[in-house]
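Secondary and tertiary structure notes
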Amino acid sequence: DGRVDLAIDWLVPESKGFHCLALFDDHAGLMARRDHPANKAKNIEDIVAQHQFVAMHKRLLSFAQRFLPAPLLNIPAKQLLELSEHMEVLLTASRSERIAILPRSLVILARETFGLELLKLSLVSKGFPVNLVWHNNRDSDPAHAFLRAQLTSAFRQFAHSTMTDLQTD
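The following paragraphs examine the structure supplied in this document. (Residues numbered from 1 in each chain as written. Predicted model: local features only at pLDDT ≥ 70, side-chain atom pairs only at ≥ 80, totals over all residues. Heavy atoms only, no water.)

When helices and strands are tallied, the chain shows 6 helices and 8 strands. Going from N to C terminus, the chain has its helices and strands arranged as β-β-β-α-β-α-α-β-α-β-α-β-β-α. Looking at the chain residue by residue over its 169 residues, the buried ones come to 41%. In the chain, of all internal contacts separated by at least 6 residues, the share reaching a separation of at least 24 is 81%. Accessible area of the chain: about 9,800 Å², with a carbon and sulfur share of 55%. (Helix = DSSP H or I, 4+ residues; strand = E, 2+ residues; numbered from the N terminus. Buried < 20%, exposed > 50% of the residue type's maximum accessible area, 1.4 Å probe, protein only. Contact = heavy atoms within 4.5 Å. Areas by Shrake-Rupley, 256 points an atom, 1.4 Å probe, with all protein chains shown as cover.)

Structure follows, in structure tokens:
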């Protein structure tokens, strides 16, 4: 209805009245406190068997099934606390024994603000696109086109610097 200029999300509207532009590909990651016992685990299966997790509520099961590594899809419900926001997930993991399942783009925030670290296991996750979404009726607005260009540039720079930082860790 025009109240929102843009949205940034990995889920895209099913309606044909929207444009979606992929900003960058993100990946799932496991994050825990620096002193968490999972940091010494030998494989992902041991982590899933021995620990509890916190994650953002799966808005669409089909989305999670496309992008989460298989071991993370099989976490029993009694081991998984699902919350509504990423910030809640970060805070919970920083103050508990739970391991956070989060997009890797949040690693720097998780490290610097919440004292969390990306677990060093090689966790294979298919990339999932983070999209800029807007309604078709905004296409001919020059100010909106400028805003889209600025956000696209900023997010792509962020993604490049974040992924470069993760590779040097």
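Turning our eyes to something else, we now look at helix H5 (residues 107-114). Those residues of H5 lying buried are Val-107, Ala-110 and Phe-114. Taken around the axis of H5, the buried residues stretch over an arc of 95 degrees, which confines them to a single face. In H5, the exposed positions that point more than 90 degrees away from the buried face belong to Glu-112 and Thr-113. Looking one or two residues past H5, Gly-115 carries a phi angle of roughly 70 degrees, positive in sign. (Arc of directions from axis to C-beta.)

Let us now look at the packing of aromatic side chains. A complete count under the given rule lists 3 aromatic pairs for this structure. Look at Phe-24 and Phe-155: their rings are 6.5 Å apart centre to centre, the planes differ by 10 degrees, and that puts the pair in the stacked class. With Phe-24 in strand E2 (residues 18-26) and Phe-155 in helix H6 (residues 142-168), this pair connects stretches of sequence that are 131 residues apart. A connected cluster of aromatic rings, assembled from ring pairs, spans Phe-24, Phe-155 and Phe-158. (Phe/Tyr/Trp six-rings, centres within 6.5 Å; stacked < 30°, edge-to-face > 60°.)

With that settled, the discussion passes to the pattern of salt bridges. One pass over the structure, following the stated rule, counts 5 salt bridges. Notably, a salt bridge pairs Asp-35 with Arg-33, separated by 3.0 Å at the nearest N-O pair. Overall, the relative accessible area of 16% leaves Arg-33 in the buried class. Among the ionic pairs, Arg-33 bridges to Glu-97, the shortest N-O distance being 3.0 Å. One end of the pair, Arg-33, is in strand E3 (residues 28-33); the other, Glu-97, is in the loop between helix H4 (86-94) and strand E6 (99-103), with 64 residues separating them in the sequence. Where salt bridges share partners, they join Arg-33, Asp-35 and Glu-97 into one cluster. (Salt bridge = Lys/Arg side-chain N within 4 Å of Asp/Glu carboxyl O.)

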